[in-house]
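# Topology and contacts: notes
The residues making up each chain are set out below.
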Amino acid sequence: SIMPLGAIHLEFHSSGNHYLWRKVTSTVHNIIVGKLWIDQSGEIEIANSKTKDKCQLKFIPYSYFSRDIPRKVTGVVADNNGKAHYILSGTWDEKMECAKIVQSSRGTSCSEEKQKTVY
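A short tour of the structure in this document, coming up. By convention here, each chain's residues receive numbers from 1 onward along its written sequence. Local features are withheld for residues below a pLDDT of 70 in this predicted model, meaning they are given only at 70 or higher, and side-chain atom pairs are given and counted only at 80 or more; totals for whole chains, interfaces and linings count all residues. Excluding hydrogens and water, the side-chain values take into account all heavy atoms of the structure.

## A closer look at the side chain of threonine 27
Here threonine 27 lies in strand β3 (residues 25-29). Whenever two N or O atoms come within 3.5 Å, that pair is a polar contact, provided that in protein one can donate a hydrogen and the other can accept it, and provided that, for residues adjacent in sequence, both atoms are side-chain atoms. Of the polar contacts made by the side chain of threonine 27, one reaches the side chain of serine 1; its length is 3.3 Å. Excluding residues that lie within four positions of it along the chain, threonine 27 makes contacts with Ser1, Trp37, Ile38 and Asp39. Segments assigned H or I by DSSP are reported as helices when at least four residues long, segments assigned E as strands when at least two residues long, and all are numbered from the N terminus. Residue contacts are counted whenever heavy atoms from the two residues lie within 4.5 Å of one another.

## Some details on a nonpolar patch on the surface
Note on patches: the residues involved have over 30% relative accessible area and no salt bridge, like charges join within 9 Å, and the nonpolar side chains Val, Leu, Ile, Met, Phe, Trp and Tyr join within 5 Å. Under the convention used here, a 1.4 Å probe and the Shrake-Rupley method define accessible areas, while residue burial counts only the protein chains that appear. For this analysis, a salt bridge means a side-chain nitrogen from Lys or Arg found within 4 Å of a carboxyl oxygen belonging to Asp or Glu. Taken together, the side chains of Ile31, Ile32, Val33 and Leu36 define a hydrophobic patch exposed on the protein surface, amounting to about 510 Å² of accessible area. On the secondary structure map, valine 33 appears in the loop between β3 and β4 (37-48). Think of it in three bands: residues with accessible area under 20% of the maximum for their type are buried, residues over 50% are exposed, and the middle band is partly exposed, with areas taken using a 1.4 Å probe on protein chains only. Under the relative-accessibility criterion, valine 33 is labelled exposed at 64%.

## Considering the environment of threonine 74
Residue position: threonine 74 is located in strand β6 (residues 72-78). On the accessibility criterion, threonine 74 (25% relative accessible area) is partly exposed. Sequence separation between threonine 74 and tryptophan 92 is 18 residues, and the spatial gap between their C-alpha atoms is 9.6 Å.

## Quick look at the packing of aromatic side chains
In this analysis, rings of Phe, Tyr and Trp, with Trp reduced to its six-membered ring, are considered paired at centre separations within 6.5 Å, and the interplanar angle assigns stacked below 30 degrees, edge-to-face beyond 60, and tilted for intermediate values. Under the defined criterion, the tally for this structure stands at three aromatic pairs. Ring plane angle 85° and centroid distance 6.1 Å describe the contact between phenylalanine 12 and tyrosine 19, whose orientation is recorded as edge-to-face. The exposure class assigned to tyrosine 19 is partly exposed, which follows from its relative accessible area of 24%. Relative to tyrosine 62, the ring of tryptophan 37 lies with its centre 5.8 Å away and its plane at 85°, an arrangement referred to as edge-to-face. Of this pair, tryptophan 37 sits in strand β4 while tyrosine 62 sits in the loop between β5 (54-59) and β6, and the two are 25 residues apart along the sequence. Owing to a relative accessible area of 32%, tyrosine 62 belongs among the partly exposed residues under this scheme. Members of the aromatic cluster, joined through ring pairs, are Trp37, Tyr62 and Tyr64.

## Describing the pattern of salt bridges
Counting across every chain of the model gives four salt bridges. The shortest N-O distance in the salt bridge between arginine 71 and aspartate 93 comes to 2.8 Å. Remark: aspartate 93 occurs in the loop between β7 (84-91) and β8 (96-100) and arginine 71 occurs in the loop between β5 and β6; sequence separation between them is 22 residues. Classification of aspartate 93 as partly exposed rests on a relative accessible area of 43%. For lysine 95, the salt bridge goes to glutamate 97, with nearest N and O atoms at 3.2 Å. For lysine 95, a relative accessible area of 46% gives the class partly exposed. The class of glutamate 97 is partly exposed, set by a relative accessible area of 47%.

The structure is reproduced here in C-alpha cells:
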C-alpha cells in the first residue's frame, strides 16, 4: 500500500477558487504472481477555501465477494453550512456522475437521525 503524504492545491485565477485535498491510499495487488492491478481506497475531503464548500468522496476498495462495481467512488457536495447540494457516483478511472439534490429532510426522533434525500 502507498499512503501519500502532503496536500494538493488547485487554484483558478479567474474565479479565485482555491481547492485543497489529500490523496487516498493506493494498493498494488499481485506483485509476485498474477496480473498486476492497482486499487484506490479511503476517504478524501476536497475543500474550497474561498467559498468553504466541501466535497466528501469515498473510494470503495474492490472485493472479490462484493456485488459493487470495481473502482467505485461515491460522494456528496455540501455548502459551508453542511447542507448537501449534489451527490456523486462513478469510478475513479472512467467516469463520475453528478445529481442535484432537490429535496432533503432529517428525521425528528433519535432513531430517524439519518438524512432522507431525493434527487
